[in-house]
Every structure is written in structure tokens, then in C-alpha cells.
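# Summary of the model geometry
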Amino acid sequence: MSVLDTTTSDIITAEEEHLAHNYHPLPVIISRAEGSWVTDVEGKRYLDLLSAYSALNFGHLHPAIVAVAQEQLTRLTLTSRAYHNDQLGVFASALAELCGKDLVLPMNTGAEAVETAIKVARAWAYRVKGVPAGAAEIVVAGGNFHGRTTTIVGFSDDSEARGDFGPFTPGFVTVPFGDADALAAAITDHTAAVLIEPIQGEAGVIVPPAGYLAAVREICTRRGVLFIADEIQSGLGRTGYTFACEREGVVPDMYVLGKALGGGILPVSAVAADAAVLGVIRPGEHGSTFGGNPLAAAVGHRVVEMLATGEFQQRAKALGEHLEARLNDLVGHGVTAVRVAGLWAGVDIDPAQGTAREVAERLLGRGVLVKDTHGQTIRIAPPLVVRATELDWAIEQLKLVLTA
Ligand SMILES: *Cc1c(COP(=O)(O)O)cnc(C)c1O
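Below is a short write-up of the structure. Computed from a predicted structure; not experimentally measured.

### Quick look at the site of the ligand
Every residue close to the ligand is listed here: Thr109, Gly110, Ala111, Phe145, His146, Gly147, Glu197, Asp230, Ile232, Gln233 and Lys259. The side chain of Asp230 places a nitrogen or oxygen atom 2.7 Å from a nitrogen atom of the ligand. One nitrogen or oxygen atom from the side chain of Gln233 is found 2.7 Å from an oxygen atom belonging to the ligand. For the ligand, the protein covers 82% of the area, taking 380 Å² as the surface of the free molecule. Here the residues of the shell around the ligand are counted per class, giving three nonpolar, five polar and three charged.

As C-alpha cells, then:
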């Protein structure tokens, strides 16, 4: 018997007795998956409309990504950065080209990449901009989600995320998301950077007003402040573009990437910026044991190759328009509002229908996986390989649970 062989009752008992309760998962135990579909331990199939919060943009077990991972698994998996490995440099160069930037710094999780961006912005402020030691400020947006470290939750305004986890790192200023005037007013001579999500994912797929990103770019350039775009969830094809910033033709000073960069196989994150910014980091100042490991680099490199064709971005754009039309039909029928950007949607559920969690549970019963966020919103982020007919079927299930 293999360590992979388990029984349902073993799994439930083990989780109840030994797994910390930092999540409240929907009641489904997944054991297999392929493309846009997952299968539970009893053999029931579900259409995955969450894609691990966009970490599975290419679907489960994409053959091209699995192939490179399997090949690399037989060659070399980890060296640490104490030595060079033969995969990291070529991955960095491909990713830099995709981003249109000079340099990348690889990490593992999204939160680590955000922490990297914060450290780089502060070092840049002291060494390049000339901000007095210890005085650097970073402007962030209300409703943000940038990860779970103590520094990051310290500038979240979500009481669940911050809770009893202080004291927090100083040096962050919060302004309302989507309000360029408030952002401009918050910038001082000590401001190192503005850190925002171009579209706020966890907040419920909140799309800022048209012109906001362009205004942020203009303000940052004029005031000599770095524009850092956390594209961990919005980037890498999700919105119909490689980066959601492209929706407004905007190029930030630094991209923060993660989630889909790991091809749904392992955590791969990075920041990308020009040498004038990322070049401030010197040997010994920042790093990670696993960051840039050859397995992650090989997988990330394949992901970059797949994005370089533009095929996934085009699919997200075309299917996104399809999804938007279908979802708009639901407004007034159990749905109060819909926000769509590419193949990414926030659907606000009419409280008369119950909570978003209850709707997600009813959808689960009909073979559709979605995730609730902030009480009344369900988030839809299918793998970019999903078919239009599958989306139609899923919307049909949503209609049925809403009129029920
Ligand atoms: C998921 C997410 C993160 C954190 O990524 P982890 O890999 O979970 O640490 C940061 N920023 C955004 C916008 C995210 O969606």
C-alpha cells in the first residue's frame, strides 16, 4: 500500500484531529484532476471554476507543463543559490522578456514576492531616491490582499486577516482603491512606492474606474515614486492580457508575479523590474533556499513560453466576453451585480438567495466548484482552457440554484 492510498473516513478523521483550522473548505475531497475538471474520492466530477485562485490558469496537469516537470524531476531538483543551476538563468531571461524588464528575482510564494517588492522599494528609496534612513513609506489601497505574512497583513484592512497578529511593521499608508486624487495626496517626499493590485481579486474582483491605472502611473512618474503592480492573481493571462495593467496600456516599475507562474505544479513567484530598481539588491541582502530552484525554473520557463504565444490571453478575452454576457443576464435574477475582466468574475449574490457560501455549496451539489468571498460574492476564475459549452453549462447550474 502506497502513502497515496487513503480512505474517506481516514482523511476526514485525520483532518479533524490534526489539521489546523485556518481554512473552511467546501465539503468535497478531491483526489484527481485533468484540465478544467476535478474528481472526488467517490468518483464524482466537478467543473473547477476557481482554478486555485488563478494558480491553475492552464488547467490541471497541462501536458506541456507536466512533461517538462517530469523530465526535470529526473535530472535535478534543488541546488540552493549557493551554486548556479542550468535552468534559472534561461528562465529569468525568458520571464524578463515577457515582462519587458531587465531583471527578475525569483521566490516561491506570492507573499514572498510581495515582501521582496517591499524590500527592494525601501532599498531603492534610501539608495537612489535619497529618503532619510528608516523613513520610507509605501502607499497601499484599501481592500487589498497581498498575502499572509505579518508585514503584509499589517497593511490589510480585513479584520480577519489582521486580527490578533500585531504589532505590525510601520511605513504603510492606506488610501481608497480607485481614487487617484487620494493617492496623489498621500504621497510625500518619503514615499518609496505605490503598491496596488490592478484588479483586486480577493476583495471580489474589484475593477477600478477607467483611467485609474493610467493616473497612478502618471502620479508615480511625476512624483518619483515606484509603481508596483501585484499581478499575482490578475496577471499571466487571466484578464485577456499578460498583465492586467495592459488594460490601460500601463507599465508599472515592478511586477509582482506568482500563482500561475508555477503552472499549477509548484509555488513559483518573482518580481520583475529594470536594473535601475532591482539592481539595488546586493549579494547577501535577500534570498530563499528554494527560490529559483531548477524544477521551479523549468516549470516557470515553460509557463512563460506558453504565455509568449498569446494563445491563452486570446482565449481569456474571447471566453471572458462570452461569460460576461451570460452573467449579465443574471443581474436582477438572484444576482445584484457582476464585475468581469477577461475570464474572471465577481458575482454579488442577492441576500434573498442566502449567502455566497450557501450558493457555492448548492453549486457543489450540481458539480460546479466556485468560492465565496466577503459574504455575498462568488468568484469565478475558470482555467483558461475551459470550453464555452462548459461555461454555459456552469451558468445554467448557477441559474438553477438561484431560482431554487
Ligand atoms: C494570492 C495572492 C497573494 C499571495 O500569494 P501566496 O502564494 O498565497 O502567498 C498576493 N497577492 C495577490 C494579489 C494574491 O492574489
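### Here's the deal with the layout of surface pockets
The computed volume of the second largest pocket comes to approximately 540 Å³. What lines the second largest pocket is a set of 25 residues, among which Arg81, Leu88, Val104, Leu105 and Pro106 lie closest to the centre. Where the lining of the second largest pocket is concerned, the elements lending two or more residues are helix 4 (88–99) and strand 4 (103–107). Counted by class, the lining of the second largest pocket contains 12 nonpolar, nine polar and four charged residues.

### Side note on the pairing of strand 5 (residues 137–141)
Taking burial as the measure, the five residues of strand 5 include four buried ones, the bulk of the element. Inspection of the sheet shows strand 5 paired to strand 7 (residues 191–196) by four bridges, in the parallel sense. Paired with Glu137 across the two strands is Thr191, which belongs to strand 7. Bridging between strand 5 and strand 6 (residues 172–175) involves four bridges; their strand directions are parallel. Its bridge partner lying in strand 6, Ala141 is registered against Val175.

### Quick notes on the sheet that holds strand 10 (residues 269–273)
The strands that make up a sheet are held in pairs by hydrogen bonds between backbone atoms, and each pair lies either parallel or antiparallel. Read across the open sheet, the seven strands follow the order 4-10-9-8-7-5-6; overall the sheet is mixed. On the outer flanks of this sheet lie strand 4 and strand 6, each paired with one strand and no other. Here the average twist between neighbouring strands, direction ignored, is 20 degrees.

### Focus: the packing of helix 4 against helix 11 (residues 294–308)
Two elements in contact, helix 4 and helix 11, have axes whose closest approach is 9 Å; the angle formed by their N-to-C orientations is 30 degrees. With respect to helix 11, the axis of helix 4 lies roughly parallel. Relative to helix 11, helix 4 is oriented so that their crossing is left-handed. Side by side, helix 4 and helix 11 meet where Leu88, Val90, Phe91, Ala94, Leu95 and Leu98 of the first sit next to Ala297, Gly300, His301, Val304, Leu307 and Ala308 of the second. Here the residues of the contact of helix 4 with helix 11 are counted per class, giving 10 nonpolar, two polar and no charged.

### A short note on the environment of Glu285
With respect to the secondary-structure elements, Glu285 resides in the loop between helix 10 (275–278) and helix 11. Excluding anything up to four places from it in sequence, Glu285 contacts Lys119, Arg127 and Val280. Of note is the side chain of Glu285, whose polar atom sits 2.7 Å from the side chain of Arg127. Within the structure, the side chain of Glu285 is placed 3.0 Å from the backbone nitrogen of Arg282, a separation counted as a polar contact.

### Quick word on the sheet that holds strand 11 (residues 335–340)
Taking strand neighbours across the sheet as the criterion, the four strands line up as 11-12-15-14 in an open arrangement whose pairing is antiparallel. Because the sheet does not close on itself, it has two edges, and the strands there are strand 11 and strand 14 (371–373). For this sheet, the mean angle separating the axes of adjacent strands, direction not counted, is 25 degrees. Bridge count for strand 11 against strand 12 (residues 345–349) is five bridges, and the pairing is antiparallel. Across the sheet, residue Val340 finds its bridge partner in strand 12, namely Ala345. The sheet strands contacting helix 12 (residues 311–328) are strand 11, strand 12 and strand 15 (377–380), and the helix crosses strand 11 at an angle near 170 degrees.

### Overview of the packing of aromatic side chains
Applying the stated criterion across every chain, the model contains five aromatic pairs. Ring geometry for Phe58 versus Phe312: centroids 4.9 Å apart, planes at 85 degrees, classification edge-to-face. Separated by 254 residues along the polypeptide, Phe58 in the loop between helix 2 (51–54) and helix 3 (63–73) and Phe312 in helix 12 bring together distant segments of the chain. Relative accessible area serves as the criterion here: at 4%, Phe312 is assigned to the buried category.

What counts and what doesn't
Residues numbered from 1 in each chain as written. Predicted model: local features only at pLDDT ≥ 70, side-chain atom pairs only at ≥ 80, totals over all residues. Heavy atoms only, no water. Near = heavy atom within 4 Å. Polar contact = N/O pair within 3.5 Å; in protein donor to acceptor, adjacent residues only side chain to side chain. Areas by Shrake-Rupley, 256 points an atom, 1.4 Å probe, with all protein chains shown as cover. Nonpolar A, V, L, I, M, F, W, Y, C, P; charged D, E, K, R; others polar. 1 Å grid on protein atoms, 1.4 Å probe; cavity = no way out; pocket = protein on both sides within 12 Å on 5 of 7 lines; lining within 4 Å. Points joined across faces, edges and corners; volume = space filled by probe spheres on them. Helix = DSSP H or I, 4+ residues; strand = E, 2+ residues; numbered from the N terminus. Buried < 20%, exposed > 50% of the residue type's maximum accessible area, 1.4 Å probe, protein only. Pairing = 2+ DSSP bridges. Axes fitted to C-alpha atoms, helices over the stretch in contact; angles between N-to-C directions. Parallel < 35°, antiparallel > 145°, perpendicular 65-115°, else oblique. Left-handed = near helix turned anticlockwise from the far one by under 90°. Contact = heavy atoms within 4.5 Å. Phe/Tyr/Trp six-rings, centres within 6.5 Å; stacked < 30°, edge-to-face > 60°.

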